[in-house]
There are 2 protein chains.
Amino acid sequence: MQPRNPFQEPAGGGRKLRVGLAGFGTVGRSVAKSLCNNFADHFDLTHICNRNIGQKKVDWLPAHIRWTESIEEVLAADVDAVVELIGGVQPAGDWVRRALQSGKSVVTANKHLIAECGPELTELARKRGRRIEFGAAVGGGIPVLIGLQEGLAGDRLYKIAGILNGTCNYILSRMEATGVSFDAALQEAQNLGFAEADPGEDLEGLDARSKLVILTRVGLHCQVRSEQILCRSISSIEVIDFAYARELNCTIRQISLAQKVTSGGLRLFASVQPALIPMSSLTAHVHGNQNLILAVGESVGETVFSGCGAGGDPTAVAVVSDLFSIARNTRPICVSTAIEFPVEVTGEFTLPHYVRFTVRDRPGIVAAVATILSKHGINIDAVLQKPGYPHSRLPFVITLEPCSSTVMSSVLEEIGHLDFHVQPPVCIPILLR
Amino acid sequence: MQPRNPFQEPAGGGRKLRVGLAGFGTVGRSVAKSLCNNFADHFDLTHICNRNIGQKKVDWLPAHIRWTESIEEVLAADVDAVVELIGGVQPAGDWVRRALQSGKSVVTANKHLIAECGPELTELARKRGRRIEFGAAVGGGIPVLIGLQEGLAGDRLYKIAGILNGTCNYILSRMEATGVSFDAALQEAQNLGFAEADPGEDLEGLDARSKLVILTRVGLHCQVRSEQILCRSISSIEVIDFAYARELNCTIRQISLAQKVTSGGLRLFASVQPALIPMSSLTAHVHGNQNLILAVGESVGETVFSGCGAGGDPTAVAVVSDLFSIARNTRPICVSTAIEFPVEVTGEFTLPHYVRFTVRDRPGIVAAVATILSKHGINIDAVLQKPGYPHSRLPFVITLEPCSSTVMSSVLEEIGHLDFHVQPPVCIPILLR
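Student: Help me get a handle on the overall build of chain A, residues and values and all.
Tutor: The helix and strand tally for chain A stands at 15 helices and 19 strands. Relative to a compact globule of 433 residues, whose C-alpha radius of gyration would be 22 Å, chain A shows 24 Å and is just as compact. For chain A, the spread of C-alpha atoms along the principal axes amounts to about 80 × 45 × 35 Å. Across the 433 residues in chain A, those meeting the buried criterion constitute 52%. The contacts of chain A with a sequence gap of at least 6 include a subset with a gap of at least 24, amounting to 74%.

As structure tokens, this is what we get:
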């Protein structure tokens, strides 16, 4: 596309918004490029702060930009907004506080900081008459936070569900599409730059958990802390699980879910875990490192937001959109603090379950499992066994009618003591929609 | 869910926003219910205007509301905002103008009015220091306009595509899923209230066209008039087309598409027509009367918005969200006028095509068709013929490599003169993604 100026005058009226950028990694480079090439009529990027400026400095940005290794210089500068792309709760949190205290607005992509300190920072911004925006902290370029906060303000949302981690989605959708092993799919993701050298934060659900905290606050007006959210790793999923899931007309994804439950007082159910999801849902058709967020409201029904959840250029779009919002002075200053309240958080749910057993085959195994399930009042829905596997390492699947996850855990522990297992059973909830 | 108050104080600060409602049909009833039951702390619904108030008046709304058959009374009332749910360009347009001129903000779900007069009305609102919001005019409850305008402000979008008419999507997805005929699916849609007694505006694409005009203005910053947009009816689609589409790993939907084309000067391609779309796209998995809008930007890639595109409650969410925005005084006043410019609009496209012929069978038909295609330089991609049809009325399909839609039209006219046709060929473009 040809470069062009979509606005007739700077978004802020007569004057460009002066911006300081802290963090010149993948996202930072894209933000700088966008501000200086696409939207130079609206923004004046004056400072870039990073370690090892000597190696980082590029020649394709305007010469007047001040490159520095000192955050102090950015905090002392005459800028209207600081873009924080350092990541991590500290020291980024202190720098954001100091920026706000010195009368600057802040735009950040820092999910962990906002998950942990969002209400405090928003309140600080409000007190100082400034703004803190974090559209890039969830879903990369997908405008889900503004959609929840402004576009669905006229409804009462009670459920948020989605695919919030592109690395996990890449691995699972590759296993589904090509039949490669978990390890091979992870290696592919690492080769493509979608997964870190240490992928634990993605696989265990810690990355998605921070995003779910933010979505819960903005969409459900509920306060929840990361450590209150149940997390289960996707690393137990094997290719055969996709074959069995297909027989159930499902696939498997890492699903982040927060839902208000009103029975017995208001509680919030929240989890990040692998789940079977029906092929009839849009969520089942999210491939590669894409993200999807589903919001469910009393009036509006299901609303879906999907797109590129990571990557330099998409995430930079969210950052620059937030800068436009600050320049235009739109959006209310303190929505997210005004509408929070604490709730009891639970990881317990009642859902159908998929359980894969891997056993040394012999007569009586299904009977033994069924006896324990029956003792706990859990009904078997189906028993699936695909042919072609050795007796020494035979996988089969039992699907169970809805039961409590707590009961399920104790049942699985009891079943786990039986002597025919080659590896521990893999238990995955089945989301009905 | 239990009713609750999600905000600690009225959205507008100390005072409730006073609202007059013009139009008490399906959406109007939902808006009134929401304002009075869910958000009574924020809004004061003071007037409801409709014809035949005697029959319309309900007892579940507060007694202080003034019911009237006179729009003059609403326009003269001390309200902050008028909600216009009358529909149609006139007289609704004059009433909206008079509301703005008298210093009231306006929220409307009127797609035809905004498609035709949006820039003029926005400019009028700006001059009067008021707002006109129309989130409900496109995609019902889906917050796509705010998503494009605010959430993707930091990118340059060049393409908008999607399913904008729930009636057509209901008919086509029912034909796909159950194999019922077009007429039977239409009848079902009418029975369910998804289609009007006269469904022409939906089937021919005129409803979607108005929505596409608005999306093009807000998302692509391009001005286009409804009558410049190519429309083709979905009524030529038969069940067999879904069978052939499936062989091509596609399905069929009414697709609205606007795309900037920069080769040879900036032009806008815009159309509303049935199209084959790949099963690998999210769009192919939109069922029933749901809507989906895809926006494509230079940096952000593809972003998807999906949900309930019609219905009283979902559309009311968009109306009430716009009222919240007015109460909070967020969003810029005049974005949509500030960023428009006229472009040349074209309905010509170069795409692969699917052509279904229905013929009295005899030797040489494919050769005759192929000869004409070859003469115009159009390459055949595949010939598909399913067994089991009578020679007297034999359907077969030819898919063609990308060619100009203009060339395609003249070729089809030439082929149409051959004497073996039982009915005119049905030609549908194949969207590659």
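Now that the structure has been shown, the text picks up again.
Student: Tell me about the relation of the copies chain B and chain A, and name the residues and values.
Tutor: Note on the copies: chain B fits chain A at an RMSD of 0.0 Å, the axial shift is 0.0 Å, and the rotation between them is 180°. Viewed as a symmetry operation, the transformation between the two copies matches a two-fold axis. Comparing interface residues between copies, 100% of those in chain B also lie at the interface in chain A; the contact surface is shared.

Student: I'd like a rundown of the environment of Glu348 of chain A, residues and numbers included.
Tutor: Residue and element names in this part refer to chain A. As for its placement among the helices and strands, Glu348 is situated in the loop between β15 (344–346) and β16 (350–359). When the C-alpha positions of Glu348 and Ser271 are compared, they lie 8.9 Å apart, and in sequence the two are 77 residues distant. Excluding residues within four positions of it along the chain, Glu348 makes contact with Ser404, Ser405 and Thr406.

Student: Lay out the sheet that holds strand β1 (residues 17–22) of chain B in plain terms, naming residues and giving numbers.
Tutor: Residues and elements named next belong to chain B. Taken in spatial order, the six strands make up an open sheet running β3-β2-β1-β4-β5-β6, and their pairing is parallel. Looking at which strands have only one partner, the edges of the open sheet turn out to be β3 (66–68) and β6 (132–133). In terms of strand pairing, β1 meets strand β2 (residues 43–49) through six bridges, oriented parallel. The residue bridging Ala22 from the neighbouring strand is Cys49, located in β2.

Student: Please give an account of the interface of chain B and chain A that cites residues and values.
Tutor: In this complex, chain B contributes 54 residues to the contact, which on the side of chain A involves 54 residues. Of all the elements in the fold, those that place two or more residues in the side of chain B that touches chain A are α1 (26–38), α6 (144–151), β13 (301–308) and α12 (312–328) of chain B. Here the side of chain B that touches chain A gets 11 residues from one element, more than from any other, and that element is α12 of chain B. Class assignment of the residues belonging to the side of chain B that touches chain A gives a composition of 24 nonpolar, 21 polar and nine charged. Bridge count between strand β13 (residues 301–308) of chain A and β13 of chain B: three bridges; the pairing is antiparallel. Each residue of the ladder has a partner; that of Ser306 of chain A, found in β13 of chain B, is Val304 of chain B.

Student: Go over the sheet that holds strand β19 (residues 421–429) of chain A, please, and point to the residues and values.
Tutor: In a beta sheet, neighbouring strands are held together by backbone hydrogen bonds and run either parallel or antiparallel to one another. Residues and elements named next belong to chain A. Spatial ordering of the open sheet is given by β17-β18-β16-β19, a layout of four strands whose pairing is antiparallel. Two strands close off the open sheet at either side, each with one partner strand: β17 (380–384) and β19. Recorded for the sheet is a direction-independent mean angle of 15° between the axes of neighbouring strands. Here β17 pairs with strand β18 (residues 394–404) via four bridges, running antiparallel. The residue of β18 that forms the bridge with Ile380 is Leu400.

Student: Provide a residue-level description of helix α10 (residues 206–220) of chain A, including the pertinent values.
Tutor: Taking 1.5 Å of rise per residue, 15 residues should cover 21 Å, and α10 of chain A covers 20 Å from first to last C-alpha, within 8% of that figure. Most of α10 of chain A sits inside the fold, with 14 of its 15 residues counted as buried.

Student: So what's going on with the packing of helix α7 (residues 166–178) of chain A against helix α8 (residues 182–191) of chain A? Which residues, and what values?
Tutor: Residue and element names in this part refer to chain A. In the contact formed by α7 and α8, the axes pass within 9 Å of each other and the chain directions differ by 130°. In terms of orientation, α7 and α8 fall into the oblique class. In the crossing of α7 with α8, the sense of the turn from one axis to the other is right-handed. For the pair α7 and α8, the contacting residues are Thr167, Tyr170, Ile171, Arg174 and Met175 in the first and Phe182, Ala185, Leu186, Glu188 and Ala189 in the second. Taken together, the residues of the contact of α7 with α8 sort by class into seven nonpolar, one polar and two charged.

Student: Provide a residue-level description of helix α15 (residues 405–416) of chain A, including the pertinent values.
Tutor: Helix length check: α15 of chain A, at 12 residues, gives a terminal C-alpha distance of 16 Å against a target of 16 Å (1.5 Å per residue), a fit within 8%. On its buried face, α15 of chain A is in contact with β16, α14 (365–375), β18 and β19 of chain A.

Student: How would you summarise the pairing of strand β1 (residues 17–22) of chain A if you had to cite specific residues and measurements?
Tutor: All names here are of chain A. Within β1, five of the six residues are buried, leaving the element largely enclosed by the surrounding structure. Handedness of the crossover is the feature at issue here: the chain leaves β1, passes through helix α1 (residues 26–38), returns alongside strand β2 (residues 43–49), and the resulting connection is right-handed. Relative to strand β4 (residues 81–84), β1 runs parallel, the two being bridged by four bridges. Each residue of the ladder has a partner; that of Leu21, found in β4, is Val83.

Parameters and conventions
Residues numbered from 1 in each chain as written. Chains lettered and ligands numbered in written order. Predicted model: local features only at pLDDT ≥ 70, side-chain atom pairs only at ≥ 80, totals over all residues. Helix = DSSP H or I, 4+ residues; strand = E, 2+ residues; numbered from the N terminus. Rg over C-alpha atoms; globule rule 2.2 N^0.38 Å. Buried ≥ 20, exposed ≤ 12 C-beta atoms within 10 Å, placed from the backbone. Contact = placed C-beta atoms within 7 Å. Least-squares fit on C-alpha atoms with pLDDT ≥ 70 in both. Pairing = 2+ DSSP bridges. Nonpolar A, V, L, I, M, F, W, Y, C, P; charged D, E, K, R; others polar. Axes fitted to C-alpha atoms, helices over the stretch in contact; angles between N-to-C directions. Expected span 1.5 Å × (residues − 1). Parallel < 35°, antiparallel > 145°, perpendicular 65-115°, else oblique. Left-handed = near helix turned anticlockwise from the far one by under 90°. Right-handed = clockwise from strand over helix to strand, strands pointing away.

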